[in-house]
Amino acid sequence: MVLFRKNFVSRFFNLIPLLIIFFLAFSETDFNFEKLSFLSFNLIYIVIFYWVLKNPDILGYGFIFLAGIVNDVIIGLPIGVSSITYLVLAGFAAYVRYLTVEPSLIYDWIVFVPSIAVTNSVYFYILRIFFDIEVNYITLALNAGVTILLYPIIGILFNFLSKIIIAQKNV
């Protein structure tokens, strides 16, 4: 019984990032504050980048793709747009993980900036060129800026969660 409880707790903590990404996909991607529109941010980008970079076994590419499909259906975008942008971001994180010798939150944050720029560019080009959907540049830029600024804070919280996950595996 004790072994079952430890195994259950360990598996539950491993599922938290996956539950977060699907919660965000089902509830829309951005956190928009109606009165403070300049404070909107894209938490799902932070979740994908952080967990693919730090522990890719927890958040697989198939789940990232599926979360993008769900997000497109919920928001009403053409199917696959969010999936492509999420996988581009995951690709950046995987490449950085491959190159990184000694991980650091500051280094990750610095690399997060061009990752978001390329991801938003892919998002923009897909919507604008292929589907002729208008994109508000200022809203997209502000959203990216706030997302980039929040990465270290959320990264610290995820570092804490990652330590709990590792501790639960070792128990």
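Residues numbered from 1 in each chain as written. Predicted model: local features only at pLDDT ≥ 70, side-chain atom pairs only at ≥ 80, totals over all residues. Heavy atoms only, no water.

Asks: Describe in detail the side chain of D72, supporting the description with residues and values.
Replies: Tracing the backbone through its elements, the reader meets D72 in helix α3 (residues 61-75). Of the side chains with opposite charge, R128 comes closest to the buried, unpaired D72, at an N-O distance of 17 Å. A distance of 2.6 Å separates the side chain of D72 from the side chain of S82, its partner in a polar contact. Setting aside residues no more than four positions away along its own chain, D72 makes contact with L77, P78, I79, G80, V81, S82 and S83. (Helix = DSSP H or I, 4+ residues; strand = E, 2+ residues; numbered from the N terminus. Buried < 20%, exposed > 50% of the residue type's maximum accessible area, 1.4 Å probe, protein only. Lys, Arg positive; Asp, Glu negative; His and termini not counted. Salt bridge = Lys/Arg side-chain N within 4 Å of Asp/Glu carboxyl O. Polar contact = N/O pair within 3.5 Å; in protein donor to acceptor, adjacent residues only side chain to side chain. Contact = heavy atoms within 4.5 Å.)

Asks: Got a sec to walk through the pattern of salt bridges? Specific residues and values, please.
Replies: Taken as a whole, this structure holds three salt bridges when the rule is applied. The salt bridge involving D108 is made with K54; its shortest N-O contact spans 2.7 Å. Taken together, the positions of D108 in helix α5 (residues 105-130) and K54 in helix α2 (residues 43-54) put the pair 54 residues apart, joining distant regions of the chain. For D108, a relative accessible area of 1% gives the class buried. One salt bridge connects R128 with D132, and the closest N-O pair in it is separated by 2.9 Å. Each member of the salt-bridge network shares a partner with another, and the members are R128, D132 and E134.

Asks: Give a description of the side chain of S83 that names residues and reports values.
Replies: Along the chain, S83 falls in helix α4 (residues 81-99). A relative accessible area of 0% places S83 in the buried class. Excluding residues within four positions of it along the chain, S83 makes contact with F65, G68, I69 and D72.

Asks: Describe in detail the packing of aromatic side chains, supporting the description with residues and values.
Replies: Under the definition given, this model contains 11 aromatic pairs. On the numbers, 5.8 Å between centres and 75 degrees between planes, the contact of F49 with Y151 is edge-to-face. Placement of the pair is F49 in helix α2 and Y151 in helix α6 (residues 137-170), with a sequence separation of 102 residues. The burial state of F49 is the same as that of Y151; both residues are buried. Put simply, the rings of F49, F112 and Y151 pair up and form one aromatic cluster. (Phe/Tyr/Trp six-rings, centres within 6.5 Å; stacked < 30°, edge-to-face > 60°.)

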